[in-house]
Amino acid sequence: MPIDSFDCVRVELGCRGYDVLIGAGLLAITEQLISDRLGCETKAFIVTDTNVAQHYLETIAQPLIKSGRLRGTLTLPAGELSKSFSVLETVCSKILSADIERGDCVIALGGGVIGDIAGFSSAIVRRGLRYVQIPTSLLAQVDSSVGGKTGINTIHGKNLIGAFYQPHLVLADINTLKTLPERQVSAGYAEVVKYGFLGDSQFYNWLDANLTSIIELDHHALQHAVKRSVEIKAEIVAADEKEHGDRALLNFGHTFGHALETWARYSDVLFHGEAVSIGSCLAFKLSEELKYCPSHTTARISAHLKRARLPTEIAEIRGGIQPDAATLVHLMKQDKKIRDGQLTLIMARDIGQTFVTQEIQHADLVNFLIRQI
Ligand code: NAD
Ligand code: GLY
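What counts, and where the lines are drawn
Residues numbered from 1 in each chain as written. Chains lettered and ligands numbered in written order. Predicted model: local features only at pLDDT ≥ 70, side-chain atom pairs only at ≥ 80, totals over all residues. Heavy atoms only, no water. 1 Å grid on protein atoms, 1.4 Å probe; cavity = no way out; pocket = protein on both sides within 12 Å on 5 of 7 lines; lining within 4 Å. Points joined across faces, edges and corners; volume = space filled by probe spheres on them. Helix = DSSP H or I, 4+ residues; strand = E, 2+ residues; numbered from the N terminus. Nonpolar A, V, L, I, M, F, W, Y, C, P; charged D, E, K, R; others polar. Salt bridge = Lys/Arg side-chain N within 4 Å of Asp/Glu carboxyl O. Buried < 20%, exposed > 50% of the residue type's maximum accessible area, 1.4 Å probe, protein only. Near = heavy atom within 4 Å. Polar contact = N/O pair within 3.5 Å; in protein donor to acceptor, adjacent residues only side chain to side chain. Areas by Shrake-Rupley, 256 points an atom, 1.4 Å probe, with all protein chains shown as cover. Core = buried A, V, L, I, M, F, W, Y, C linked by side-chain atoms within 4.5 Å. Contact = heavy atoms within 4.5 Å. Phe/Tyr/Trp six-rings, centres within 6.5 Å; stacked < 30°, edge-to-face > 60°.

Further remarks concern empty space enclosed by the protein. For the structure on display, the rule yields three cavities of 30 Å³ or more. The computed volume of the largest cavity comes to approximately 90 Å³. What lines the largest cavity is a set of 13 residues, among which Lys158, His258, Leu331, Gln334 and Asp335 lie closest to the centre. Considering each element in turn, the lining of the largest cavity owes the most residues, four residues, to helix 9 (residues 254–263). Of the residues in the lining of the largest cavity, the class split is four nonpolar, six polar and three charged.

Scanning the entire structure with this criterion turns up 20 salt bridges. Notably, a salt bridge pairs Lys158 with Glu261, separated by 3.2 Å at the nearest N-O pair. Taken as a pair, Lys158 in strand 8 (residues 157–164) and Glu261 in helix 9 lie far apart in primary sequence, 103 residues in all. Like Glu261, Lys158 is buried. A salt bridge links Glu231 to Arg228; the nearest nitrogen and oxygen atoms lie 2.9 Å apart. Here Arg228 and Glu231 lie together in helix 8 (residues 219–239), a separation of three residues that amounts to about one turn. Glu231 sits in the partly exposed class, given a relative accessible area of 26%. Judged by its relative accessible area of 23%, Arg228 is partly exposed. Counted as one network, the salt bridges with shared partners bring together Glu80, Lys83, Asp116, Lys158 and Glu261.

The next point concerns the site of ligand 2. In the vicinity of ligand 2, the contacting residues are Asp143, Lys149, Lys233, Glu243, Arg247 and Leu250. Between ligand 2 and Arg247 there is a distance of 2.8 Å, counted from an oxygen atom to a side-chain nitrogen or oxygen. About the coverage of ligand 2: the protein hides 90% of its 200 Å² of free accessible area. Split into classes, the residues belonging to the shell around ligand 2 amount to one nonpolar, no polar and five charged.

Membership of the largest hydrophobic core comes to 80 residues, with the highest contact counts inside it found for Val20, Leu138, Tyr189, Phe197, Phe256, Leu365 and Leu369. With nine residues, helix 8 is the largest single contributor of residues to this core. When residues no more than four places from it in sequence are discounted, the contact partners of Val20 are Asp7, Cys8, Val9, Val11, Val146, Val170 and Val230. One finds Leu21, Leu27, Leu38 and Ala61 within the second-largest nonpolar core, a separate group that totals 24 residues.

Further remarks concern the layout of surface pockets. The calculated volume of the second largest pocket comes to roughly 230 Å³. Lining the second largest pocket we find Glu80, Leu81, Lys83, Ser84, Asn153, Thr154, Ile155, Thr262, Trp263, Arg265, Tyr266 and Leu331. Sorting the residues of the lining of the second largest pocket by element identifies strand 7 (149–154) and helix 9 as the ones contributing at least two each. Taken together, the residues of the lining of the second largest pocket sort by class into five nonpolar, four polar and three charged.

The next subject is the site of ligand 1. In the vicinity of ligand 1 there are 27 residues, among which Asp49, Glu80, Gly112, Ser137 and Thr179 approach most closely. Lys158 places a polar side-chain atom, nitrogen or oxygen, 2.8 Å from an oxygen atom of ligand 1. In the model, a nitrogen atom of ligand 1 is placed 2.9 Å from a nitrogen or oxygen of the Thr176 main chain. Burial of ligand 1 by the protein chains amounts to 92% of its free accessible area of 860 Å². Looking at the shell around ligand 1, the elements with two or more residues in it are helix 2 (50–66), helix 4 (112–124), helix 5 (138–144), strand 8 and helix 6 (182–199). Here the residues of the shell around ligand 1 sort into seven nonpolar, 11 polar and nine charged.

Under the criterion given, the structure shown has eight aromatic pairs. Where Tyr131 meets Tyr165, the ring centres are 5.8 Å apart and the plane angle is 10 degrees; that geometry is what we call stacked. Residue Tyr131 is found in strand 6 (residues 130–135), and its partner Tyr165 is found in the loop between strand 8 and strand 9 (169–173); the two are separated by 34 residues along the sequence. Taking relative accessible area as the criterion, Tyr165 reaches 22% and is therefore assigned partly exposed.

Put into structure tokens, the structure is as follows:
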């Protein structure tokens, strides 16, 4: 398949810049792309999970075996609990046992969990191996595979241990989304619409008109949604790679969302994208209460998220239990953006207009959350 049948978005980071290729059919030509982009001598080690392996491991591995370049594979248990210290040790140890050198590459084949842990392992083994992201979930294609945030969770909070470490190449094959469970498609959609919320109201309007086609995985709608999301993310990352400023906007809804995920102990009662959906609604609602944004906005975006089969309130978390406000604020205060004990939150002036603030007072936040629970 000719390479120009795919969209290509460049993440402009000078000598650490890389391409994100987006299209249907990329998996089948992975071996060729790795040869072209990373060199034909490059050896590879694949990290994947149990769900993804059964669909796609063979397609990636066989051509690499044939060319004598596959040094090993590791299939982790699917799910958020694999982003842990103990699994990190296993991944690093297997990569070292496979004699992967700095000039070789780790292939992260899977969703955001695999991308984050394989990326973090690549950052620290031999102080830095090359790695290729092959995102197979919607969330990973539009967000986690791009921008170089890698890491693991701890009981203290989400992604609190990690590194900024950019991949060498990202291959987003939208055909892989055909096997993604419906609930995961919706969860991934929460990160797609985030780009509309945070800075592109035109994209939000397009998403609102094309929502059904996207979640039903129409090829053209998906291709545009993934491409536009990656373009927005690439631009923000290029301007602020290490999150000293506007990259924080990409965390819209996440300070609430990460606290909810930690409270739920990273279990299947709440997927990351679902937590982001609830967090986005909370961020709009608080923005409304503080008169930053017009009063009808939360109702509008909640209706949109509901159409995407996403939860919009804390009460909708599966399992019928809810955190208390003080616990949530305590967990929110583990956020990486905290300064002198003061939370940094992303608030909205409207759909497509967000800003970073440290002005939200602790008591206001607790009172706000008491009213939401
Ligand atoms: P995930 O990796 O757990 O994947 C979701 C589920 O879908 C898993 O069960 C997985 O096995 C399965 N799956 C993935 N692709 C599949 C396919 N094509 N067919 C069938 N099943 C498939 O979770 P996720 O939603 O992809 O990612 C969430 C993670 O990403 C969280 O840990 C979050 O913190 C992280 N994240 C990181 C960044 C970043 O910038 N690094 C950004 C956003 C989210
Ligand atoms: N997903 C948030 C970021 O990459 O900054």
